Amino acid sequence: MTAERPAPGIAPENSPNLAQARRLVVKIGSALLVDPAAAAPRQAWLDSVAADIATLRRRGIEVIVVSSGAIALARHALRLPPGRLRLEEKQAAAAVGQIRLAQAWSTALAAHGLTAAQLLLTPGDTEDRRRYLNARATLSTLASFACVPVINENDTVATAEIRFGDNDRLAARVAEMVQADQLVLLSDIDGLYTADPRRHPSAAHIPLVPALTPAIEAMGGAPPPGYSSGGMRTKLVAAGIATRAGCAMAIGLGSRLHPLQALLDGARCTWFLPVPDGRSARKRWIAGGLQPCGRVQVDAGAARALRSGSSLLPAGIRSVEGDFERGDLIEVLDGDLHLLARGLSAYGSMDARRIAGHRSGAIEALLGWRGRDEMIHRDDLVLL
């Protein structure tokens, strides 16, 4: 197992850097954001993070924040006892704390001319295909409006016990959903070590993880005392999700002021490299992993456009077969009824029949509401 471990030391020259990001997801845990003694945000720290986000935005980098802290912010107001809470207490605290958490982010970002937007998600929102598409469309639209989405798990309606560390996994799912190229987990430690450095002073820092091997995964261990957000185990789970989606991930020290600026300047952290062709792996899943629910036949012009890498627009559709819903897998046939592609439909079959053959600009008049311009976006389409 030792041979599978990357050599500790200085980060290699090929390590990613925040300056290279196009779309960045940043995960922040309760222990960084909330001062437990005051049951309030660590204001100076939060202001410094907002300033960092503004710096990244000026560089043209889209930033999405996944932030814990709602339950911690509500403990004092609800006079909740210290220690573990019952599920219903956590749900009530989340309902109160979400307002305070959203307000804290809104105020901090507004000081830099940025608009915050709140989204509450559950793992099901990232795994159910239709809810996944809805959430992704919302996040993409917010990015086009130059907003900073602030996401948290929807703990108020959880049906299973809320566990520390869930937001590590949620952040990775969000990065996968929005096709982020980088994910940063801000932590109380500056990366992955060969052992817990608080128990083993001789543990060596690992600056770069080219691949998640069994030896690396074994370093997660059980969540040790003192680690926020569930410890290193949940972060390695998040690394697996993100890197398989083609997203590089970093674990960096978040307790300092301006933690993102520090990473931008090359501060020590651990980078996990994306799996080669990670994005095409998702497309292979679309191509062969699901049972198609319907099919559309397209004209010659649409077939040529698809082969050149374009999305499928309603104008190029000649006929629609089957009964399917938005987000379902459908087949695309050319004029000779040869299978051309598979993809995830942005419209159900009834609406698809109404807009088939019409330009995208007519969708609103035909349906009474404005959906996506594409019947199948190229990110959700695989040529066969």
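Residues numbered from 1 in each chain as written. Predicted model: local features only at pLDDT ≥ 70, side-chain atom pairs only at ≥ 80, totals over all residues. Heavy atoms only, no water.

Describing the sheet that holds strand S4 (residues 62–67)
How we decide: Paired strands, as defined in this entry, are two strands with at least two bridges between them according to DSSP. Secondary structure counts use DSSP, requiring at least four H or I residues in a row for a helix and at least two E residues in a row for a strand, with both numbered from the N terminus. In this analysis, two residues are considered to be in contact whenever any of their non-hydrogen atoms come within 4.5 Å of each other. In this description, a line fitted to the C-alpha atoms serves as the axis of each element, helices being fitted only across the stretch in contact, and the angle between N-to-C directions of two axes falls anywhere from 0 to 180 degrees.
Pairing is mixed across the open sheet formed by 8 strands, whose spatial order is S5-S6-S4-S1-S7-S11-S12-S10. Two strands lie at the open edges of the sheet, namely strand S5 (115–121) and strand S10 (208–209), each paired on one side alone. Pairing analysis gives 4 bridges linking strand S1 (residues 23–28) to strand S7 (residues 182–187), with the strands arranged parallel. By the bridge assignment for S7, Val25 is matched with Leu183. Its contacts with the sheet put helix H2 (residues 43–58) on S1, S4 and strand S6 (147–153), and the angle it makes with S4 is roughly 155°. Helix-sheet contacts for helix H9 (residues 232–244) involve S7, strand S11 (248–253) and strand S12 (269–272), and the interaxial angle to S11 is about 155°.

Description of the pattern of salt bridges
To keep it simple, the criterion reads: Put simply, a salt bridge is a Lys or Arg side-chain nitrogen that is within 4 Å of an Asp or Glu carboxyl oxygen. Note on classification: 1.4 Å probe, protein chains only; a residue is buried when its accessible area is under 20% of the maximum for its type, exposed when over 50%, partly exposed between these limits.
Tallied over the full model, the rule gives 14 salt bridges. In this structure, Asp168 and Lys27 form a salt bridge, with 3.1 Å as the shortest nitrogen-oxygen distance. On the criterion of sequence distance, the pair formed by Asp168 in helix H7 (residues 166–177) and Lys27 in strand S1 is long-range, its members being 141 residues apart. Pair check on accessibility: Asp168 and Lys27 agree, each one buried. The salt bridge involving Arg173 is made with Glu176; its shortest N-O contact spans 3.6 Å. Here the residue Arg173 and the residue Glu176 both occupy positions in helix H7, the gap between them amounting to 3 residues, near one helical turn. Among the residues examined, Arg173 registers a relative accessible area of 22% and is labelled partly exposed. On the accessibility criterion, Glu176 (26% relative accessible area) is partly exposed. Overlapping salt bridges, with partners in common, bring together Asp188, Asp196, Arg198 and Arg199 in one network.

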